[in-house]
Amino acid sequence: RPRDSISPVRFAEKFIMEFRQLALVFIGMAFNIQLFAVEAITREQVRAVIEAVDAAAGQKDTGGIGAYLSEGFYRFIEVPSDEDYMAATARIDKQQYLDQIDAGWKKVERYSYLRKDVVINIARDGLTAESNSTIIETVKIDGQDMVSKVREYASYELEDGKLLIVTVESYPLVGDTTPK
């Protein structure tokens, strides 16, 4: 028997081991293909969510806004400070955010909402997306007209097949935006 030959039993054992390894590779590949088969987020879906949230905001419909926020949603808000000219950042969850909106709308005599300069980016894997835009809100409270301008950054994910907003960050645009 030549030195590099192996017994039929050893050959069978080696064949079975290699077959198992190959099977695991194929199973792994099938799993990865299944992962990639998940529906990818599109710009049109993100636009549709933005339009639905904007329509709800224009109608002062808190529930309509909440329908597009994930359960784990949170919002970062940058709040300017008069004392040291440094901004403070607050993080609020979905319910706190919706409560804040409701409380604010109860004080408002007049309200208008405009979104512009929208940019949408989809992650390479298609599983997440981001948008950024300028939001201009004009309100009248206690007879005083005020304008708020912020740059908003939002992230999106599919949850149970529905595209939802996961996080929002807002940064006030510099300068006095209150009408004279």
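Below, the structure is looked at part by part. All figures in this text were calculated on a predicted structure; none of them were measured in a lab.

Looking now at the overall build of the chain. Scanning the chain from terminus to terminus reveals four helices and six strands. For the chain, the sequential pattern of α-helices and β-strands runs α-α-α-β-β-α-β-β-β-β. Split into buried and exposed, the 180 residues of the chain put 27% on the buried side. Of the contacts formed within the chain by residues at least 6 apart in sequence, a portion of 53% connects residues at least 24 apart. Summing over all exposed atoms, the chain offers an accessible surface of approximately 12500 Å²; the carbon and sulfur share of this is 55%.

Let's shift gears to the pairing of strand β3 (residues 110-122). Consecutive residues of a regular strand have side chains that alternate between opposite faces of the sheet. Inspection of the sheet shows β3 paired to strand β4 (residues 128-141) by 11 bridges, in the antiparallel sense. Across the sheet, residue V119 finds its bridge partner in β4, namely N132. What sits between β3 and β4 in their antiparallel hairpin is a turn of five residues, with G126 showing a positive phi close to 75°.

Under the definition given, this model contains six salt bridges. Note that R75 and E152 form a salt bridge whose closest N and O atoms lie 3.9 Å from each other. Residue R75 is located in strand β1 (residues 69-80), and its partner E152 is located in strand β5 (residues 144-159); the two are separated by 77 residues in the primary sequence. Of the two residues, R75 and E152, neither departs from the other in class, the shared state being buried. The network of salt bridges with shared partners includes D54, R75, R115 and E152.

Here is what the cut-offs are and how they apply
Residues numbered from 1 in each chain as written. Predicted model: local features only at pLDDT ≥ 70, side-chain atom pairs only at ≥ 80, totals over all residues. Heavy atoms only, no water. Helix = DSSP H or I, 4+ residues; strand = E, 2+ residues; numbered from the N terminus. Buried < 20%, exposed > 50% of the residue type's maximum accessible area, 1.4 Å probe, protein only. Contact = heavy atoms within 4.5 Å. Areas by Shrake-Rupley, 256 points an atom, 1.4 Å probe, with all protein chains shown as cover. Pairing = 2+ DSSP bridges. Salt bridge = Lys/Arg side-chain N within 4 Å of Asp/Glu carboxyl O.

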